[in-house]
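One letter stands for each residue in the lines below.
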Protein chains: 2
Amino acid sequence: MDERRSARRVGGRRAGRDGQPVPPATVARLPGYLRALQATAAEGAVLTSSDELAARAGVSPAQLRKDLSFLGSYGRRGVGYDVAHLREQITVVLGLADVRRVLLVGVGNLGHALANYAGIAERGFVLVGLVDADPAVVGTTVAGLVVEHADDLRAVVARTGATIAVLTTPASVAQRTCDELVAAGVVGILTFAPGALRVPDHVDVRTVDVASELQILAFHDRARSAGGGVS
Amino acid sequence: MDERRSARRVGGRRAGRDGQPVPPATVARLPGYLRALQATAAEGAVLTSSDELAARAGVSPAQLRKDLSFLGSYGRRGVGYDVAHLREQITVVLGLADVRRVLLVGVGNLGHALANYAGIAERGFVLVGLVDADPAVVGTTVAGLVVEHADDLRAVVARTGATIAVLTTPASVAQRTCDELVAAGVVGILTFAPGALRVPDHVDVRTVDVASELQILAFHDRARSAGGGVS
DNA sequence: TAGATTGTTAATCGATTAACAATC
DNA sequence: TAGATTGTTAATCGATTAACAATC
């Protein structure tokens, strides 16, 4: 086993260059750094600093340097970071060196919007399939793909080689669909259905719940107005 | 000033019943508990336990009890929690006792889908306005509301009394639109545009970045396949 | 009373921050 | 060399977990 090629795991967490695991909180910020670097590169800058990059990403310079230190030492003291090189390193760490294949399940209003969302393709992914249970939707073309039937989900995953799925079905069928995706071999699921999904340990779930986000905002809204007394 | 009615603040964080602040991590889980309680109530249960509720919400019973303890003591030892009462308490804490008015800015594919998303109304919010910069969209009716022009944003906020905004504009105009929302008096913003938004301290921002979520999933996907050697 | 289940405590764990030595 | 900026350390802070006394 070639240690330079293989990924070493430390306590179930992917190891960085030096064998240290990358903390989840750091992983969650890496996409923001990558995006900030792309903006910097677009302006033609060759070098950048933790100050500049942190400002763009909306974190503190200390936080940024700490995060990058988990990946390795990609900056030069007194100089800064090479934009192209750091961009490349983060791309590799995030697993975006190879394009990831994404399957979208549930082509309703939201699924339709996401299928046409350019940001997905721009940031390392290919949409390889669309699946829905509604006969009226199956067979139609959305974002250049023909929508296939939910009954064929397993075959679609096998044929397309999708490893990541976006789940935009009604909440009532989310868990069942999730189970089918897992059975088909998908290892990452981004769900927009409210409610917790149960998955085996080797599967990763991220949940976007719009109403929950609004409720969190409402908490602060209330905290703000309650003291002041708007009357 | 009546202490029983007014909200006390501790270090800028809203205080719970006993004056202790509610930790952000706890606040972020409250919507999940509320939803679990609604499901429990829908099944006709009058009492529930930390075990059952935690399982539904996808957290540990210890976590749930700890979280609820920040709000006060709403359970009975040896008995459990009264579903209706706990539901009411969390609703109040989250600031959902009064319906919150939401403005949606950017009626493209995604904005259109969100405007029609029933979950928003079901969970304590009213959509009170739609705004877009595209003359082809302004004047059309979406989700029962006539889309107004972005130039009138300030007037729309004033007229509708919206305190929370959903931002689904292109990334290029997100910061400018955000500034206008803040100037108009909005105190909570849920943005779907990638990239950090700068806002004053009294404004709360939550960001949903679909591509970032996928990239986080890609990290784990890579971690998984790199060790195993698929070929 | 006996059994069940909360609310709270203390211990552990992970994340953030600040400061500065290393080094370009 | 002098100035700049990283990478790392140590301190602080916040979140999670496990255990159990309180109490229904």
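Residue numbering note: each chain is counted from 1, following its sequence as written. Lettering for chains starts from A, numbering for ligands starts from 1, and both go in the order in which the items are written. Thresholds applied to this predicted model are a pLDDT of at least 70 for local features of residues and 80 or more for the giving and counting of side-chain atom pairs; totals over whole chains, interfaces and linings are not thresholded and use all residues. As a convention, hydrogens and water are excluded, and side-chain values are obtained from all of the structure's heavy atoms.

The name given to chain A in an unreviewed UniProt entry is Redox-sensing transcriptional repressor Rex, and the organism recorded there is Cellulomonas flavigena. According to the UniProt record, the Function (unreviewed entry) comment for chain A is "Modulates transcription in response to changes in cellular NADH/NAD(+) redox state." UniProt positions are given in the numbering used here, feature names are shortened, and annotations may be inferred rather than shown by experiment.

Asks: What exactly am I supposed to notice about the protein's contact with DNA strand C here?
Replies: Nearness here has a simple test: a residue counts as near a molecule or strand if at least one of its heavy atoms is within 4 Å of that partner. The local shell around DNA strand C holds 26 residues, among which Arg-29 and Arg-76 of chain A together with Ser-50, Gly-75 and Tyr-81 of chain B are the closest. Each atom of DNA strand C within 4 Å of the protein was assigned to sugar, phosphate or base; sugar and phosphate come to 63%. Pairs of N or O atoms within 3.5 Å make up the polar contacts considered here, provided that, within protein, one atom can donate a hydrogen while the other can accept it, and that residues adjacent in sequence are counted only when both atoms are side-chain atoms. In the environment of DNA strand C, a sugar or linking oxygen lies 3.1 Å from a nitrogen or oxygen atom belonging to the side chain of Arg-77 of chain B. Note that a phosphate oxygen of DNA strand C is positioned 2.9 Å from one of the side-chain N or O atoms of Tyr-81 of chain B. Going along the chain from the N terminus, every DSSP run of H or I of four or more residues is numbered as a helix, and every run of E of two or more is numbered as a strand. Elements with a contribution of two residues or more to the surface near DNA strand C: helix H1 (24-42) and helix H3 (61-71) of chain A together with helix H3 (61-71), strand E4 (75-76) and strand E5 (80-82) of chain B. For the surface near DNA strand C, the element with the highest residue contribution is H3 of chain A, accounting for four residues. Grouping the constituent residues of the surface near DNA strand C by class yields eight nonpolar, nine polar and nine charged. Three categories are distinguished: nonpolar for Ala, Val, Leu, Ile, Met, Phe, Trp, Tyr, Cys and Pro, charged for Asp, Glu, Lys and Arg, and polar for the others, with Gly belonging to the last.

Asks: Whenever I open this one, the pattern of salt bridges confuses me. Can you help?
Replies: Where charged atoms from two side chains of opposite charge approach closely, those side chains can pair. Should a side-chain nitrogen of Lys or Arg be within 4 Å of a carboxyl oxygen of Asp or Glu, the pair is scored as a salt bridge. A complete count under the given rule lists 14 salt bridges over all chains for this structure. A salt bridge links Arg-206 of chain B to Glu-213 of chain A; the nearest nitrogen and oxygen atoms lie 2.3 Å apart. In this pair, Arg-206 of chain B is assigned in strand E13 (residues 204-207) and Glu-213 of chain A in helix H9 (residues 210-228), connecting two distinct chains. Overall, the relative accessible area of 14% leaves Glu-213 of chain A in the buried class. In this structure, the salt-bridge partner of Glu-52 of chain B is Arg-56 of chain B, at a minimum N-O distance of 3.5 Å. Pair noted here: Glu-52 of chain B and Arg-56 of chain B are both in helix H2 (residues 50-57), with a separation of four residues, about one helical turn. Only protein chains enter the accessibility calculation, which uses a 1.4 Å probe; a residue is then buried when its area is under 20% of its type maximum, exposed when over 50%, and partly exposed in between.

Asks: Can you help me understand the protein's contact with DNA strand D in this one?
Replies: In the neighbourhood of DNA strand D, 25 residues make up the surrounding shell, with Ser-50, Lys-66 and Gly-75 of chain A together with Arg-29 and Arg-76 of chain B lying closest. Each atom of DNA strand D within 4 Å of the protein was classed as base or backbone; sugar and phosphate made up 62%. In the environment of DNA strand D, a sugar or linking oxygen lies 3.1 Å from a nitrogen or oxygen atom belonging to the side chain of Arg-77 of chain A. For DNA strand D, a phosphate oxygen lies 2.9 Å from a polar atom in the side chain of Tyr-81 of chain A. Looking at the surface near DNA strand D, the elements with two or more residues in it are H3, strand E4 (75-76) and strand E5 (80-82) of chain A together with helix H1 (24-42) and H3 of chain B.

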